[in-house]
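Spelled out from the first residue to the last, the chains are:
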Amino acid sequence: MAEVVNFDGAIDKGLEGVVACTTAVSSILGNTLSYRGYTIEDLASHSTFEEVTYLLWNNRLPNKSELEKFSTELNQNMKLAPDFVSVLKTIPTKNVHPMAWLRTAVSLMSHWDTDAGDNSIEANRRKALRLTAQMSSLVTAFEAIRNGREVLAPKNGKSMAWNFMYMLKGGEPDADLVKLFDTCLILHADHELNCSAFATRVTTSSLSDLHSAIVSAIGALKGPLHGGANEQVMVMLAKIGTIENAQQFVKDALEAKEKVMGIGHRVYKNGDPRAAILRKFSEQLTKKIGKPELYQMSVLIDDTMQKEKGLMPNVDFYSATVYHAMGIPTDIFTPIFAASRVSGWIAHAMEQYEKNRIYRPRSKWVGKDGLKWSPAEAR
Ligand code: COA
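For clarity, every value in this text was computed on a predicted model and none was experimentally measured. (Residues numbered from 1 in each chain as written. Predicted model: local features only at pLDDT ≥ 70, side-chain atom pairs only at ≥ 80, totals over all residues. Heavy atoms only, no water.)

Participant: In this structure, what is going on with the pattern of salt bridges? I would like to understand it.
Facilitator: The full count for this structure, using the stated rule, is eleven salt bridges. Residues Glu-66 and Arg-60 are paired through a salt bridge, measuring 2.8 Å at the closest nitrogen-oxygen approach. Between Arg-130 and Asp-115 there is a salt bridge, and its shortest N-O distance comes to 2.7 Å. Taken together, the residues span a long stretch of sequence, with Arg-130 in helix α6 (residues 121–146) and Asp-115 in the loop between α5 (98–109) and α6 at a distance of 15 residues. Per residue, the accessibility class of Arg-130 equals that of Asp-115, and both read buried. Residues joined in a network through salt bridges with shared partners are Asp-113, Asp-115, Arg-126 and Arg-130. (Salt bridge = Lys/Arg side-chain N within 4 Å of Asp/Glu carboxyl O. Helix = DSSP H or I, 4+ residues; strand = E, 2+ residues; numbered from the N terminus. Buried < 20%, exposed > 50% of the residue type's maximum accessible area, 1.4 Å probe, protein only.)

The structure is reproduced here in structure tokens:
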């Protein structure tokens, strides 16, 4: 019997307003973002990236000994296997975007993982630890390899944020910067059904493996309309150059129907709560490094976009100047996003495996019908 499908309400524009699944990982209710019921403001003020990762994966905060054990496990899983590092050194880094390199590196990583093809809960837990712990190590390894420096191993007993900053540059990182960086990792850890979380869930829904799901997610995050926007904000600020040029730049971009990076959001219409926190960090840090004009320029762009278009900054807008002021290379901004968001992607993958049904939507046919093949010479 012919299938009866009503295509009348077909949605062609980014699935806006479509509820594609249920989740208990994170929620956006009005302007409030929560992970497992805890607001982002609460977690940013009091928690750590390790604790937030535990929360995302276990649906509750850990007690003291659970947190210590989990933090140690993450720490011990950060080290990249020496033969894996040798292969990483053979992947081209010149003219290669770090997100493209990271996508390849995570895919390669599965070849050293004896659990790679095992989708049991236990194996996925072990892989989750390795993927989350090693994403930071991979990003910092990329930076070391392309600069011909030694790939540093993480130090025992230190946090993921501390080790990231240590492995990126070498030397003891500044304690205040480590704290701020840890908060940035918390702020980026999850965000409901964003593009890369959806990509994770779609790949997982075919019962593919965790590495494949994370590779899909990295590919989705890389784009400038998603995580790639933080890098583009810095590129834009460099292009604008001076505070005097900022307003005109925005007006020209709007006139030309070009996107101003780091502004606007599909879900938040009255502001992204993460941007409010990062804005304060941006003010503080740009002043500290003697470049307050970067913050002032950002505020001017922010104000002009609100006035001209009613659009507000998203997480990527102020994080750009925060990372810049921390001395992080601009093209590493999005990989840092991945190093944090991997914790959320994994929480989504685990939830998807738990109550899986393959994602298989329909599309409404708008092409030609009834065509007949003819030989090439007759066309
Ligand atoms: N700069 C200029 N105009 C923007 C804009 C921006 N950053 N973001 C949205 N708009 C405008 C669109 O041009 C459109 O205007 P119109 O109705 O006059 O045509 C309207 O606002 C709706 O935008 P749309 O692109 O349909 O929204 P969306 O929900 O599909 O996309 C984003 C959301 C985030 C992808 C979009 O705001 C964007 O591209 N922002 C810049 C990239 C970015 O910062 N991404 C990170 C997201 S966390």
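Participant: Even after reading the chapter, I still don't get the environment of Ile-91, so can you show me in this structure?
Facilitator: On the secondary structure map, Ile-91 appears in the loop between α4 (82–88) and α5. By relative accessible area, which is 15% here, Ile-91 ends up buried. For Ile-91 and Thr-104, which are 13 residues apart along the polypeptide, the C-alpha to C-alpha distance reads 8.7 Å. When sequence neighbours within four positions are dropped, the list of residues in contact with Ile-91 reads Trp-101, Thr-104 and Leu-108. (Contact = heavy atoms within 4.5 Å.)

Participant: Which parts of the structure should I look at to understand the nonpolar core?
Facilitator: Among the nonpolar cores identified, the biggest contains 108 residues, and Leu-88, Leu-138, Phe-181, Ile-301 and Met-326 are the most heavily contacted of them. Top element by residues in this core is helix α16 (residues 333–354). It accounts for twelve residues. Residue contacts for Phe-181: discarding those within four places in its chain leaves Ala-161, Phe-164, Met-165, Tyr-323, Met-326, Ile-328 and Ile-336. (Core = buried A, V, L, I, M, F, W, Y, C linked by side-chain atoms within 4.5 Å.)

By themselves, these observations are geometric and do not establish any function.
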